[in-house]
Structures are given as structure tokens and as C-alpha cells.
Amino acid sequence: QVQLVESGGGLVQAGGSLTLSCAASGRTFSDYATGWFRQAPGKEREFVATVTWSGGAAYYADSVKDRFTIFRDITKNTVFLQMNSLKPEDTAVYYCATTTTATHSPVYSSLYNYWGQGTQVTVSS
């Protein structure tokens, strides 16, 4: 069973950068993609970005495209989310998640089988 551990969250000023890490233990060849979702207070959880383990195809939400970059290190079973030009509206708990469902659109939270505990990202104005 996959276990996901996030790290790298924190407090940053608007315009700053943070890099989140998601270490996946127990990963198998059936794991299709690992990505990030976020949930702000009073809002629903939303898709941020995801990357496939085979091929490294990346998908982004429109709200983070051109500011965030997701990539994976297969040797370390780790997925990174580099976040630049952060805005106060990026403030949320960020969750790492893995799906075993091969799909052309891995952006729906319902597809994801395994979830981490989350890490807080706070962007001050």
C-alpha cells in the first residue's frame, strides 16, 4: 500500500516561492500518477497538478499554469511541486495523492486512491 508524506509547506510573502515534496513509499508499477490538490478554508478541494510516473506527462490547473511546475524523481519515488510567483489566493492545505487509474484526464480527486496528510501553505500579502 502506498504511503505519501508531504513536506515543504510554510509561510511566504506574495511573489515568493516554495517547493513541496511528496515521498511515496510502497509504490508499485500500478501507480499511474501522483499529484497535488489543495483546499482553502470554506472551499472544496481542487486539483492543482499531477504527473504520470511513466513518461512524466504533467497536467496543471489553469490557475497555476506558468507559475507551478510538477516533476518526479523515479529513483527517489518523490514528486515535487515548485511554486513560483505565489499569490494570497494560493493559501491552502496542499495534499499529495496517487491514482492507479490510467486516464487521459487525471484531474479528478475521485480517481485518487491514496492521500497524504497535507501540508499548509500560507501566502501573505
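Participant: With reference to specific residues and values, describe the sheet that holds strand S3 (residues 18-25).
Facilitator: Taken together, four strands build an open sheet; the order of strands is S1-S3-S8-S7 and the sheet is antiparallel. Sheet topology places strand S1 (3-7) and strand S7 (68-73) at the edges, where each strand pairs with a single neighbour. Each strand axis lies, on average, 15 degrees off the axis of its neighbour in the sheet, ignoring direction. Bridge analysis of S1 against S3 gives five bridges, and the strand direction is antiparallel. Bridge pairing in S3 links Ser-7 to Ser-21.

Participant: With reference to specific residues and values, describe the pairing of strand S9 (residues 92-99).
Facilitator: The buried fraction of S9 is high, at seven of eight residues. Across seven bridges, the pairing between strand S4 (residues 33-39) and S9 is antiparallel. Across the sheet, the residue bridging to Trp-36 is Cys-96, located in S9. One ladder, built from three bridges, connects S9 with strand S11 (residues 119-124); its direction is antiparallel. Each residue of the ladder has a partner; that of Tyr-94, found in S11, is Thr-119. Looking at chain direction, S9 and strand S10 (residues 114-115) are connected through two bridges and run antiparallel. In the sheet register, Ala-97 faces S10, and the bridge partner there is Trp-115.

Participant: How would you summarise the packing of aromatic side chains if you had to cite specific residues and measurements?
Facilitator: Following the criterion strictly, the structure yields five aromatic pairs and no others. The interplanar angle of 20 degrees and the centroid separation of 5.2 Å between the aromatic rings of Phe-71 and Phe-80 together place this pair among those described as stacked. Of the residues examined, Phe-71 reaches a relative accessible area of 35% and is grouped as partly exposed. Residue classification places Phe-80 among the buried positions, given a relative accessible area of 18%.

Rules and cut-offs
- Residues numbered from 1 in each chain as written.
- Predicted model: local features only at pLDDT ≥ 70, side-chain atom pairs only at ≥ 80, totals over all residues.
- Heavy atoms only, no water.
- Pairing = 2+ DSSP bridges.
- Helix = DSSP H or I, 4+ residues; strand = E, 2+ residues; numbered from the N terminus.
- Axes fitted to C-alpha atoms, helices over the stretch in contact; angles between N-to-C directions.
- Buried < 20%, exposed > 50% of the residue type's maximum accessible area, 1.4 Å probe, protein only.
- Phe/Tyr/Trp six-rings, centres within 6.5 Å; stacked < 30°, edge-to-face > 60°.

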